[in-house]
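# Architecture and fold: a report
Spelled out from the first residue to the last, the chains are:
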Amino acid sequence: MDTNRLSKTLAKALNDQMTNEAHNAQIYLAYAAWASEKGYDGIANFLFRHSNEERNHMMKILEYILKRGGKVVVSPIPGPGDDPDSVNDCFERIFKSEVENTQSIYNIVNMSMAEKDWATWNFMQWFVKEQTEEETLALDLLSKIKIAGGKHAKDDALYALDNNLAKTPDDATLAQDVTVENP
């Protein structure tokens, strides 16, 4: 008896997204190692935590495919690319990667809506919210780096930023969670 409840197109898109999440984990991991080598332990810790978060996203998708009776296809993960040139470059690349990831997730949401696969559409809503958090967090970090001098940030500003990131929570405050009482 066939228990698969995913179309071939959605199964492929979900498997591709699983690989994309693994790739993003590799990017965070590589950048964390780069930051650690440069002596930015707070930035490295922040990036190591986000690498784990991306792997968790990969596992959520893997588990979903299995629970819907689909076939999981584990594909090779592309390399993370070259090391960043600076802290500013590091977080610009992270923001770009998160925006690309968001577009991929939106494509799956659109596909699930077109196919009227409401289970997949509902499952992907968690990722939509998560990507809103990821993009907000990346933009917040870019704003901090800009204040620190952007690509021309001096060592003392980067030192302060590094210390700040060691304590930065992994979640960002989203616009939809803000109220007049709690801006």
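Overview of the structure. Because the structure is predicted, anything quoted here is derived from the model rather than measured.

Conventions and cut-offs
- Residues numbered from 1 in each chain as written.
- Predicted model: local features only at pLDDT ≥ 70, side-chain atom pairs only at ≥ 80, totals over all residues.
- Heavy atoms only, no water.
- Helix = DSSP H or I, 4+ residues; strand = E, 2+ residues; numbered from the N terminus.
- Expected span 1.5 Å × (residues − 1).
- 1 Å grid on protein atoms, 1.4 Å probe; cavity = no way out; pocket = protein on both sides within 12 Å on 5 of 7 lines; lining within 4 Å.
- Points joined across faces, edges and corners; volume = space filled by probe spheres on them.
- Nonpolar A, V, L, I, M, F, W, Y, C, P; charged D, E, K, R; others polar.
- Patch = residues over 30% accessible without salt bridge, like charges linked within 9 Å, V, L, I, M, F, W, Y side chains within 5 Å.
- Areas by Shrake-Rupley, 256 points an atom, 1.4 Å probe, with all protein chains shown as cover.
- Salt bridge = Lys/Arg side-chain N within 4 Å of Asp/Glu carboxyl O.
- Lys, Arg positive; Asp, Glu negative; His and termini not counted.
- Charge placed at Lys NZ, Arg CZ, Asp CG, Glu CD.
- Buried < 20%, exposed > 50% of the residue type's maximum accessible area, 1.4 Å probe, protein only.
- Axes fitted to C-alpha atoms, helices over the stretch in contact; angles between N-to-C directions.
- Parallel < 35°, antiparallel > 145°, perpendicular 65-115°, else oblique.
- Contact = heavy atoms within 4.5 Å.
- Phe/Tyr/Trp six-rings, centres within 6.5 Å; stacked < 30°, edge-to-face > 60°.
- Lys NZ or Arg CZ within 6 Å of the ring centre and 35° of its normal.

## Structural notes on helix α3 (residues 87-114)
- The end-to-end C-alpha distance of α3, which contains 28 residues, comes to 41 Å, matching closely the 40 Å that a straight helix rising 1.5 Å per residue would cover.
- One or two residues past the end of α3 sits Lys116, with phi positive at roughly 55 degrees.

## Description of helix α2 (residues 41-67)
- The end-to-end C-alpha distance of α2, which contains 27 residues, comes to 39 Å, matching closely the 39 Å that a straight helix rising 1.5 Å per residue would cover.
- Following α2 by one or two positions, Gly69 adopts a phi angle in the positive range, close to 80 degrees.

## Some words on empty space enclosed by the protein
- Going through the model one piece at a time under the given rule, you end up with one cavity of 30 Å³ or more.
- Considering only enclosed or pocket space, the largest cavity measures out at about 40 Å³ in volume.
- Considering the residues around the largest cavity, the lining is formed by Tyr28, Phe46, His50, Phe91, Ile94, Glu134, Leu137, Ala138 and Leu141.
- Among the secondary structure elements, those contributing two or more residues to the lining of the largest cavity are α2, α3 and α4 (118-148).
- If you tally residues by element for the lining of the largest cavity, the top one is α4, at four residues.
- Partitioning the lining of the largest cavity into residue classes produces seven nonpolar, one polar and one charged.

## Describing a negative patch on the surface
- Residues Glu37, Asp82, Asp83 and Asp85 make up a contiguous surface patch of negative charge.
- Tracing the backbone shows Asp82 in the loop between α2 and α3.
- Since its relative accessible area comes to 63%, Asp82 is described here as exposed.

## Focus on the packing of helix α1 (residues 8-37) against α3
- At a closest axis distance of 10 Å, the pairing of α1 and α3 adopts a crossing angle of 170 degrees. On the basis of the axis angle, α1 is roughly antiparallel to α3. Residues Thr9, Leu10, Ala13, Leu14, Gln17, Asn20, Glu21, Asn24, Ile27, Tyr28, Tyr31 and Trp34 of α1 form the contact with α3, whose participating residues are Val87, Cys90, Arg93, Ile94, Ser97, Glu98, Asn101, Ser104, Ile105, Ile108, Met111 and Ser112.
- For the contact of α1 with α3, a count of residues per class yields 13 nonpolar, eight polar and three charged.

## A closer look at the packing of aromatic side chains
- Taken as a whole and judged by the stated rule, the model has five aromatic pairs.
- Aromatic side chains Trp126 and Phe127 sit 4.9 Å apart centroid to centroid with 85 degrees between the ring planes, which places their arrangement in the edge-to-face category.
- By relative accessible area, Phe127 is classed as buried at 1%.
- In this structure an aromatic cluster arises from ring pairing among Tyr64, Phe123, Trp126 and Phe127.
- We note Lys60 situated over the ring of Trp126; from NZ or CZ to the ring centre the distance is 4.5 Å.

None of this, on its own, says anything about what the molecule does.
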